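Residues per chain, in single letters:
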Amino acid sequence: MSDKIGLFTGSFDPLTNGHLDLIQRASQLFDVLYVGIFVNPHKQGLFASEERKRLIEEAVAELPRVKVLLAQDELVVDVARKIGATYLVRGLRNGIDLEYEASFDFYNRELAPDIETIYLLAKPEYKFVSSGQVRELLHFRQDVSPYVPENISKELMKNEEK
């Protein structure tokens, strides 16, 4: 019997505690869960892609079933096929997320009907936590430590000191 492999994708810029919670929960559903960092080369992020990968690997180090990969200029379904994933994992905080994800699901099903998407609901304490909001708080020099893993908070504070 082959391994059950999942792929959880995002830009994770930065990884939030909500993302980490979903990764922890999803990792219990699969033999291997890949966290796929999808990089948009036209956007300037908080962290360079390799740095983001390193930070996420640190944050998930205690999760033996989780592996982190970088993807650029590739469709999610193509990456999933390359790594043997038959499930895509997505998180939902609210109805807006559901509507947004449904549009991707439509095309993913057209392109790869053999790959199923599963949705995990955000826990109530993470319902309003997003990378975008964290970036906005950082812009106004606010403490984001309640919203991101400790290693990322420390890295952000180091960057702020520069």
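Everything numeric in this text was worked out from a predicted model, so none of it was measured.

Reading the values: rules and limits
- Residues numbered from 1 in each chain as written.
- Predicted model: local features only at pLDDT ≥ 70, side-chain atom pairs only at ≥ 80, totals over all residues.
- Heavy atoms only, no water.
- Pairing = 2+ DSSP bridges.
- Helix = DSSP H or I, 4+ residues; strand = E, 2+ residues; numbered from the N terminus.
- Axes fitted to C-alpha atoms, helices over the stretch in contact; angles between N-to-C directions.
- Contact = heavy atoms within 4.5 Å.
- UniProt positions renumbered as here; feature names shortened; annotations may be inferred.
- Buried < 20%, exposed > 50% of the residue type's maximum accessible area, 1.4 Å probe, protein only.
- Phe/Tyr/Trp six-rings, centres within 6.5 Å; stacked < 30°, edge-to-face > 60°.
- Arc of directions from axis to C-beta.

1. Some thoughts on the sheet that holds strand 4 (residues 87–92)
Next, step 1: With parallel pairing, the five strands of this open sheet are ordered in space as 3-2-1-4-5. The sheet is open, and its two borders are formed by strand 3 (66–72) and strand 5 (116–121), each paired with just one other strand. Put simply, the sheet's adjacent strands are angled 30 degrees from each other on average, direction ignored.
Next, step 2: Sheet strands touched by helix 1 (residues 17–27): strand 1 (5–10), strand 2 (32–39), strand 3, strand 4 and strand 5. Its angle to strand 5, the strand with the most contacts, is close to 125 degrees.
Next, step 3: Against the sheet, helix 3 (residues 76–83) makes contact with strand 1, strand 2, strand 3 and strand 4, and its axis sits at roughly 145 degrees relative to strand 1, the strand it touches most.

2. As for the UniProt feature "binding site: substrate" (unreviewed entry) in the protein
Next, step 1: Sites flagged by UniProt as "binding site: substrate" (unreviewed entry) map to Ser11, Lys43, Val76 and Arg90.
Next, step 2: The residue serine 11 is located in the loop between strand 1 and helix 1 in this model.
Next, step 3: According to the relative accessible area criterion, serine 11 is partly exposed, its value standing at 40%.
Next, step 4: Serine 11 has contacts with Ile37, Phe38 and Arg52, leaving out every residue within four places of it along the chain.
Next, step 5: Following the sequence through the fold, lysine 43 ends up in the loop between strand 2 and helix 2 (49–59).

3. What to know about the packing of aromatic side chains
Next, step 1: As enumerated under the stated definition, the model contains four aromatic pairs in all.
Next, step 2: The interplanar angle of 55 degrees and the centroid separation of 5.5 Å between the aromatic rings of phenylalanine 30 and tyrosine 87 together place this pair among those described as tilted. Here phenylalanine 30, found in the loop between helix 1 and strand 2, pairs with tyrosine 87, found in strand 4; they are 57 residues apart in sequence, far enough to count as distant.
Next, step 3: With relative accessibility at 4%, the residue phenylalanine 30 sits in the buried group.

4. What to know about helix 2
Next, step 1: Taken together, the buried positions of helix 2 are Arg52, Leu55 and Ile56. In a view along the axis of helix 2, the buried residues occupy a sector of 100 degrees, so they form one face of it.

5. Description of unusual backbone geometry
Next, step 1: Here aspartate 13 and proline 14 are connected by a cis peptide whose omega angle stands at 0 degrees.
Next, step 2: Following the sequence through the fold, proline 14 ends up in the loop between strand 1 and helix 1.
Next, step 3: Its identity is not glycine, yet arginine 141 carries a phi of approximately 55 degrees, on the positive side.
Next, step 4: Here arginine 141 shows up in the loop between helix 5 (131–139) and helix 6 (150–161).

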